[in-house]
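Listed below, chain by chain, are the residues.
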Amino acid sequence: MRWLLAFFLSAAALAPGRAQEYGAKGIYPVYETGGQWVVFDKKPGKRGKAGPLAPGARLLVVGSSGAELFAVARASATYGGACRGNKPVKLRAALLRGPRSAVGKPIIGIKVPPGFSLQGSRAKYLALGNEIDEAAYGRLGEAARAAVVSEIKSGEFLFSLDDDPGPIFREDPRPERIQLKFDFGARVAVAGLKAPFVLVDGAQVFATFRRCLRLADGGRLVGGCAQMPHALMAETALLRFVVYDPGGRGNPILLAYTPEPPLWGDERWGFSLRAAGPKLFLSDALDPRCRESF
């Protein structure tokens, strides 16, 4: 069954566009609200038909301390999972039951088949601390700035609608006009890389700011920018990061989460890390005050 879990995660990595859709590939954000561990069904099926989060469905919940199997105990209609026109929308919520203490703070749930078992699992789990220091800037600062310059030229770096630097700058962006900071960085284990290091950087160009998760191998960057837009304006310092490798072979997923709900709501992020670079497969926010924009 380990290969089956790895297959789901690999499929998410290979199709980032689809995987960012809610529940794609059977991966869901998990929140704690009202004393319950909940998955909000943001894509409910037709009335009367049991969906993927029907009672009895099983999910592998990955959290701040580990991963364990949970089951959907019951479903209940509730508010708090989504907004429309700045008003809460009633959604079906799947309430999860399982060994909470072994998981810590819930982050994501991965739907698994009835016969799935963790017995004999070789999964590796690691909570990451921030390793950004002057040495990290010295090793990766020039490479990160060069990546932003390249992304401006290619058009990948999208400027805000009210911020137009002009065609001359787009064709020949000056590195000294780019303000760059590293918010988070940590060593990780990724198959095929000699010295893998995950990095969250923020680039300010004129009035436009963009946050990226990147992957480095020594002093070079591999792959491109996996964007982390400020959905609820949570600064990186409010996030915690963990790595989960279901097969223990260096094909991990990196998860970011808010350990405590900020004033504006919780966030959940998921990235696959491969030798070719990082890919976003999950980004979700829970805003109990129902503010869709700022």
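As the structure is a computational prediction, the values presented were derived from the model and not from experiment.

**Student:** Looking at this structure, I do not really get the sheet that holds strand 12 (residues 196-205). What am I missing?
**Tutor:** In a beta sheet, neighbouring strands pair by backbone hydrogen bonds and run either parallel or antiparallel. Reading across from one edge, 11-12-13-14 is the order of the four strands in this open sheet, with antiparallel pairing throughout. Here the strands that pair on one side only, and so sit at the sheet edges, are strand 11 (178-187) and strand 14 (220-227). On average, each strand axis in the sheet is inclined to that of its neighbour by 25 degrees, with strand direction left out of account. Across nine bridges, strand 11 lies against strand 12 in antiparallel orientation. Counted as the bridge partner of Phe184 is Val200 from strand 12.

**Student:** Looking at this model, I keep getting lost on the pattern of salt bridges. Mind explaining?
**Tutor:** Think of it this way: side chains of opposite charge can pair up when their charged atoms draw near. If you walk through the whole model with that rule in mind, you get ten salt bridges. A salt bridge links Arg214 to Asp201; the shortest N-O distance between them is 2.7 Å. Here Arg214 is found in strand 13 (residues 208-217), whereas its partner Asp201 is found in strand 12, with 13 residues between them in sequence. On the basis of relative accessibility, which here comes to 1%, the residue Asp201 falls in the buried class. The closest approach of N and O atoms between Asp217 and Arg220, which form a salt bridge, is 3.6 Å. A single network of salt bridges, built from pairs that share partners, joins Glu151, Asp201, Arg210 and Arg214.

**Student:** Got a minute to help me understand the packing of aromatic side chains in this structure?
**Tutor:** The description of two aromatic rings rests on the distance between their centres and on the angle between their planes. Tallied over the entire structure, the rule returns six aromatic pairs. An angle of 15 degrees between the planes, with centres 5.3 Å apart, marks the rings of Trp37 and Phe70 as stacked. Residue Trp37 is found in strand 3 (residues 36-41), and its partner Phe70 is found in strand 5 (residues 67-78); the two are separated by 33 residues along the sequence. Classification of Trp37 as buried rests on a relative accessible area of 2%. Phe70 gets classed as buried once you look at its relative accessible area, which sits at 2%. Between Phe184 and Phe241, the ring centres sit 4.0 Å apart and the planes meet at 15 degrees, which makes this aromatic pair stacked. A residue pair is termed long-range when its members are at least 10 positions apart, and Phe184 in strand 11 and Phe241 in strand 15 (residues 240-245) qualify at 57 residues. Summarising the burial analysis for this pair, Phe184 and Phe241 share the class buried. The ring of Phe197 carries the charged tip of Arg139 above its face, separated from the ring centre by 4.9 Å.

**Student:** I tried to follow the pairing of strand 12 on my own but got confused; where do I start?
**Tutor:** Taken across its ten residues, strand 12 has nine buried, putting it largely inside the fold. Where strand 12 and strand 13 come together, ten bridges link them in antiparallel fashion. Of the residues in strand 13, the one forming a bridge with Val205 is Thr208. Once strand 12 ends, the chain turns through two residues before running back antiparallel as strand 13, passing Phe206 with a positive phi of about 55 degrees.

Parameters and conventions
Residues numbered from 1 in each chain as written. Predicted model: local features only at pLDDT ≥ 70, side-chain atom pairs only at ≥ 80, totals over all residues. Heavy atoms only, no water. Pairing = 2+ DSSP bridges. Helix = DSSP H or I, 4+ residues; strand = E, 2+ residues; numbered from the N terminus. Axes fitted to C-alpha atoms, helices over the stretch in contact; angles between N-to-C directions. Salt bridge = Lys/Arg side-chain N within 4 Å of Asp/Glu carboxyl O. Buried < 20%, exposed > 50% of the residue type's maximum accessible area, 1.4 Å probe, protein only. Phe/Tyr/Trp six-rings, centres within 6.5 Å; stacked < 30°, edge-to-face > 60°. Lys NZ or Arg CZ within 6 Å of the ring centre and 35° of its normal.

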